[in-house]
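Below, each chain spelled out in residue letters.
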2 protein chains.
Amino acid sequence: MPAPVTLRPGRIDDVETIHGALLRLGTHIGAHQEITSTPDDLRRYGFGEKPAFSTLIAEIGGEFAGLCLHFPIFSTWMGRPGVYVQDLYVEDRFRGRRVGERLLRRVAKECRAAGGVYLRLSVDTDNETAKAFYEKLGIGWSSYEQVQKIVGDAFFAFADTPEE
Amino acid sequence: MPAPVTLRPGRIDDVETIHGALLRLGTHIGAHQEITSTPDDLRRYGFGEKPAFSTLIAEIGGEFAGLCLHFPIFSTWMGRPGVYVQDLYVEDRFRGRRVGERLLRRVAKECRAAGGVYLRLSVDTDNETAKAFYEKLGIGWSSYEQVQKIVGDAFFAFADTPEE
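Residues numbered from 1 in each chain as written. Chains lettered and ligands numbered in written order. Predicted model: local features only at pLDDT ≥ 70, side-chain atom pairs only at ≥ 80, totals over all residues. Heavy atoms only, no water.

Looking at an unreviewed UniProt entry, one finds chain A named Acetyltransferase, with Mesorhizobium plurifarium as its source organism.

Here's what the structure looks like:
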């Protein structure tokens, strides 16, 4: 019988492992060069006094098998919190063990226990594998909405324009 | 000379005003019936010990002119925080005073001061006015990503499925 999948919250000494998983996820979706974060960034923002995100780690036989990194969001329409899944990653060699599904379900369960009513995430429009995976779980495409954003230097210029 | 636009954080006694603005925003984009939140929800989740969101209110001559409701997010790619704008609303009679732009710029400025590097939001794909407004400010369409979500009863069923 194969070793079971266990889930636990990430700790500050998992930071190198978490960062490594993000790099592999980036490579997987062809965006490796976009990752400029360091383990120190994750340590600082994720494990300080007011953590900007939470992590859930899956292990199989004591080995790192997957990661779900998430943070809380809020629906003013429903008046209730939700959870945003920023990154979901499963090690290639542990595919077929429903590691991703377990991670997402646990994150949803924890969100629900805290009064939450929804889960959201973004997916690359050309990542058909990921889209099919989410759809199968009932995490459907929100076709009527689109994301707008401003990042980096453009963001700084926008923020720095003097107020009248 | 017209009265200037002033900006200030929302307070707990603004909750009815904020909720009213959300209802008018919902009506404006044809989603009024989807708003099931109450002022009490906003009070509970926005002004308690661990607020799930922040509000910025615009006033002109002491009158409510607009609202930006937002909460923090985090980019693991960049290793830095950002801000998500959940709702942006401007009273019809104060259009043309760049109230929306001022609200967004102030929210971006506060995010930047806290180490943030980006701003995100969602917009209805058929809301051409809103899309043109955001594009003009440099808050561009993130065309390569799409939103997936699971909400309400489907979310509860997903979260409640027993783990193996």
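Draft legend 1. Fine view of the overall build of chain A. For chain A, the helix and strand inventory stands at five helices and seven strands. In chain A, the succession of helices and strands from N to C terminus is β-α-α-β-β-β-α-β-α-β-β-α. With the C-alpha coordinates aligned to their principal axes, the bounding extent of chain A is approximately 70 × 35 × 35 Å. Taking as baseline every contact in chain A between residues at least 6 positions apart, the subset at least 24 positions apart corresponds to 60%. Accessible surface for chain A amounts to roughly 7,800 Å². Of this, 54% is attributable to carbon and sulfur atoms. When the 20 basic and 23 acidic side-chain charges of chain A are each reduced to a single mean position, those positions are 11 Å apart. (Helix = DSSP H or I, 4+ residues; strand = E, 2+ residues; numbered from the N terminus. Contact = heavy atoms within 4.5 Å. Areas by Shrake-Rupley, 256 points an atom, 1.4 Å probe, with all protein chains shown as cover. Lys, Arg positive; Asp, Glu negative; His and termini not counted. Charge placed at Lys NZ, Arg CZ, Asp CG, Glu CD.)

Draft legend 2. Expanded view of the layout of surface pockets. For the second largest pocket, the calculated volume is near 1,500 Å³. Those elements that place two or more of their residues in the lining of the second largest pocket are helix H2 (39–46), strand S3 (63–75), strand S4 (80–90) and helix H3 (99–113) of chain A together with strand S2 (54–60), strand S3 (63–75), strand S4 (80–90) and helix H3 (99–113) of chain B. It is S3(B) that contributes the most residues to the lining of the second largest pocket, five residues altogether. Here the lining of the second largest pocket is built from residues that sort into 27 nonpolar, eight polar and six charged. (1 Å grid on protein atoms, 1.4 Å probe; cavity = no way out; pocket = protein on both sides within 12 Å on 5 of 7 lines; lining within 4 Å. Points joined across faces, edges and corners; volume = space filled by probe spheres on them. Nonpolar A, V, L, I, M, F, W, Y, C, P; charged D, E, K, R; others polar.)

Draft legend 3. Main features of the relation of the copies chain B and chain A. Expressed as a screw operation, the relation of chain B to chain A combines 0.0 Å of axial shift with a rotation of 180°, fitting to an RMSD of 0.0 Å. Both copies of the chain, as the preceding transformation shows, are related through a two-fold rotation axis. Minimal C-alpha distance to the rotation axis in chain B is attained by B:Gln146, lying at 3.3 Å. Residue by residue, 100% of the interface of chain B is reproduced at the interface of chain A, so both copies engage with the same surface. (Least-squares fit on C-alpha atoms with pLDDT ≥ 70 in both.)

Draft legend 4. Structural view of the UniProt feature "domain: N-acetyltransferase" (unreviewed entry) in chain A. On the UniProt side, "domain: N-acetyltransferase" (unreviewed entry) is annotated at positions that read residues 5–162 of chain A here. Each end of residues 5–162 of chain A is marked by a C-alpha atom, and these two atoms are 53 Å apart; helix forms 35% of the span and strand 33%. (UniProt positions renumbered as here; feature names shortened; annotations may be inferred.)

Draft legend 5. Seen up close, the sheet that holds S3(A). If you walk across this open sheet you meet the seven strands as S1(A)-S2(A)-S3(A)-S4(A)-S5(A)-S7(B)-S6(A), and the pairing is mixed. Sheet topology places strand S1 (5–9) and strand S6 (140–141) of chain A at the edges, where each strand pairs with a single neighbour. Here helix H1 (residues 15–28) of chain A sits on the sheet and contacts strand S2 (54–60), S3 and S4 of chain A; the angle it forms with S3(A), its principal contact strand, is near 85°. Sheet contacts for H3(A): S1, S2, S3, S4 and strand S5 (118–124) of chain A; angle to S4(A), the most-contacted strand, approximately 160°. (Pairing = 2+ DSSP bridges. Axes fitted to C-alpha atoms, helices over the stretch in contact; angles between N-to-C directions.)

Draft legend 6. Just the sheet that holds strand S1 (residues 5–9) of chain B, in detail. Here seven strands make up an open sheet; going across it, the order is S1(B)-S2(B)-S3(B)-S4(B)-S5(B)-S7(A)-S6(B) and the pairing mixed. Here the strands that pair on one side only, and so sit at the sheet edges, are S1 and strand S6 (140–141) of chain B. Summarising the sheet, strand S7 (residues 145–151) of chain A and strand S5 (residues 118–124) of chain B pair through seven bridges and their orientation is antiparallel. If you follow A:Gln148 over to S5(B), its bridge partner there is B:Leu121. Here helix H4 (residues 128–136) of chain B sits on the sheet and contacts S7 of chain A together with S4, S5 and S6 of chain B; the angle it forms with S5(B), its principal contact strand, is near 160°.

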